[in-house]
Amino acid sequence: MLDVPSASSIFISAPDGLRLHARCHGKSATQLLPVACLPGLARTAEDFDTLAGVLASKHGRRVIALDYRGRGLSDCDRDPANYSFQTELADVLAALTALDALPAIFVGTSRGGILAMLLAAMRPTAIAGCVLNDIGPVIDPKGLMRIKGYVGKLPQPRTYEEGAEILRRLFDAQFPKLTAEDWLASARRTFKQANGALVPTYDINLAKTLEGVDFEKPFPPLWAQFDALGNVPVMVIRGEHSDLLTAATVEAMRARRQMLETIDVPDQGHAPLLAEADVIARIAEFIDRCDSADAW
């Protein structure tokens with residue numbers, strides 16, 4: 001992992017008044033396009049710390065990573081029904097508008113990539129480029145079933161070391177090359193101290209968003225939303241062991257977009273960590289070229 005500068009926290013009101021958290025890197029006073037990072041379903045803004053730190057310190061970018069409601073330092077919602085794409089999309093727009101960070105280049109991991117595609121269909125001028133991290137228009141139900149099996153159901157560890165072992169047992173098949181140090185770092189991003197105990201960094205009621213998913217029926221494809229990104233540069237990152245984004249879906253995406261950039265991350269599954277120097281360098285190069293339409 002790379003050493004990166006620390007981030008600052010900003011809190012913003014959602015359209016319904018709920019308090020949202022943004023983790024901000026870099027300076028606001030820059031002529032370069034800002035980068036907006038959107039995490040996965042049960043993940044937080046801290047997942048992007050390494051990438052955001054490099055983009056801010058070495059490439060002069062302003063980077064804003066968001067905690068959705070019920071995740072990280074954002075407030076939980078009393079109504080789990082609001083942990084929905086519709087509400088979270090409104091939250092993303094409200095937060096980035098309040099921070100004067102639109103248009104932006106989006107980096108979306110899993111659910112974050114879906115939100116980016118939905119945003120492209122609803123507000124295309126908000127997006128100047130997009131990195132889809134292990135997500136595409138077609139979602140493999142096998143991966144969704146695995147996610148449903150652990151979100152909101154993790155055992156409660158007594159220590160971060162126990163948490164690291166829980167995560168290793170759950171995800172070792174997806175990430176076979178992670179070290180004990182890596183798993184411990186993951187545990188510190190997945191669990192937090194609350195009332196003298198370690199608990200997940202998300203509202204466990206988030207699991208209710210998956211209760212109604214029928215795995216016998218294919219998840220509705222998002223080709224129209226992916227095509228809405230047709231006027232901006234797009235990069236797709238896929239983990240070698242991903243069970244959510246198949247290689248066939250990546251090829252289908254490439255068939256619709258000749259200029260699609262792709263990265264295959266070896267020895268990682270869903271979703272790639274975006275913390276390795278070579279992966280970050282590729283993303284940074286892509287983002288730098290998003291500033292100029294002439295580069296595409």
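In the block above lies the structure referred to throughout.
A quick note: this is a predicted structure, and the numbers were derived from the prediction, not measured.

1. Focus: the packing of aromatic side chains
Consideration 1: Throughout the structure, instances matching the rule amount to two aromatic pairs.
Consideration 2: The positively charged end of R19 is found above the aromatic ring belonging to F11, 4.0 Å away from the centroid.
Consideration 3: In this arrangement the basic side chain of R111 is found over the ring face of F85, its NZ or CZ atom lying 4.1 Å from the centre.

2. Comments concerning the nonpolar core
Consideration 1: F106, L132, F226 and L229 are the most contacted members of the largest nonpolar core, which totals 64 residues.
Consideration 2: With six residues, the single largest contributor to this core is helix 3 (residues 111-122).
Consideration 3: Apart from residues lying up to four places away in sequence, F226 is in contact with M117, L132, P137, V234, M253, R256, R257 and L260.
Consideration 4: By size, the runner-up hydrophobic cluster in this structure holds 27 residues, among which are A45, L55, V63 and A284.

3. Quick notes on the packing of helix 1 (residues 49-59) against helix 9 (residues 277-290)
Geometry of a packed helix pair, given as the angle between the helix axes and the separation of the axes.
Consideration 1: It is the contact of helix 1 with helix 9, at a shortest axis distance of 10 Å, that shows an interaxial angle of 55 degrees. Comparing their axes, helix 9 and helix 1 come out oblique. Relative to helix 9, helix 1 is oriented so that their crossing is right-handed. For the pair helix 1 and helix 9, the contacting residues are T50, L51, V54, L55 and H59 in the first and I280, I283, A284, I287 and D288 in the second.
Consideration 2: Residues of the contact of helix 1 with helix 9, tallied by class, amount to seven nonpolar, two polar and one charged.

4. A look at the pattern of salt bridges
Opposite charge on two side chains lets them pair, provided their charged atoms get close.
Consideration 1: Across all of its chains, the model carries 19 salt bridges by this definition.
Consideration 2: The partner of R61 in a salt bridge is D288, and the shortest N-O contact between them spans 3.2 Å. Taken together, the positions of R61 in the loop between helix 1 and strand 4 (63-67) and D288 in helix 9 put the pair 227 residues apart, joining distant regions of the chain.
Consideration 3: Assessed through its relative accessible area of 1%, R61 is described here as buried.
Consideration 4: For R71, the salt bridge is made with E88, and the minimal N-O distance between the two is 3.0 Å. With R71 in the loop between strand 4 and helix 2 (85-98) and E88 in helix 2, this pair connects stretches of sequence that are 17 residues apart. Both residues of the pair, R71 and E88, count as buried.
Consideration 5: A cluster of three or more residues bridged by salt bridges with shared partners is formed by D16, R69, D77 and D91.

5. Things to note about the sheet that holds strand 2 (residues 19-25)
Consideration 1: Pairing is mixed in the open sheet, where eight strands are placed in the order 1-2-4-3-5-6-9-10. The open sheet has two edge strands with one neighbour each: strand 1 (8-13) and strand 10 (261-265). The mean inter-strand angle of the sheet, taken between neighbouring strand axes irrespective of direction, is 20 degrees.
Consideration 2: With six bridges connecting them, strand 5 (residues 104-109) and strand 6 (residues 127-133) associate as parallel partners. Bridge pairing in strand 6 places A104 opposite I127.
Consideration 3: Its contacts with the sheet put helix 3 on strand 3 (35-38), strand 5 and strand 6, and the angle it makes with strand 5 is roughly 140 degrees.
Consideration 4: Sitting on the sheet, helix 8 (residues 247-256) touches strand 6, strand 9 (234-239) and strand 10, and the angle it makes with strand 9 is about 170 degrees.

Cut-offs and rules
- Residues numbered from 1 in each chain as written.
- Predicted model: local features only at pLDDT ≥ 70, side-chain atom pairs only at ≥ 80, totals over all residues.
- Heavy atoms only, no water.
- Phe/Tyr/Trp six-rings, centres within 6.5 Å; stacked < 30°, edge-to-face > 60°.
- Lys NZ or Arg CZ within 6 Å of the ring centre and 35° of its normal.
- Core = buried A, V, L, I, M, F, W, Y, C linked by side-chain atoms within 4.5 Å.
- Buried < 20%, exposed > 50% of the residue type's maximum accessible area, 1.4 Å probe, protein only.
- Helix = DSSP H or I, 4+ residues; strand = E, 2+ residues; numbered from the N terminus.
- Contact = heavy atoms within 4.5 Å.
- Axes fitted to C-alpha atoms, helices over the stretch in contact; angles between N-to-C directions.
- Parallel < 35°, antiparallel > 145°, perpendicular 65-115°, else oblique.
- Left-handed = near helix turned anticlockwise from the far one by under 90°.
- Nonpolar A, V, L, I, M, F, W, Y, C, P; charged D, E, K, R; others polar.
- Salt bridge = Lys/Arg side-chain N within 4 Å of Asp/Glu carboxyl O.
- Pairing = 2+ DSSP bridges.

In short, geometric facts, not functional conclusions.
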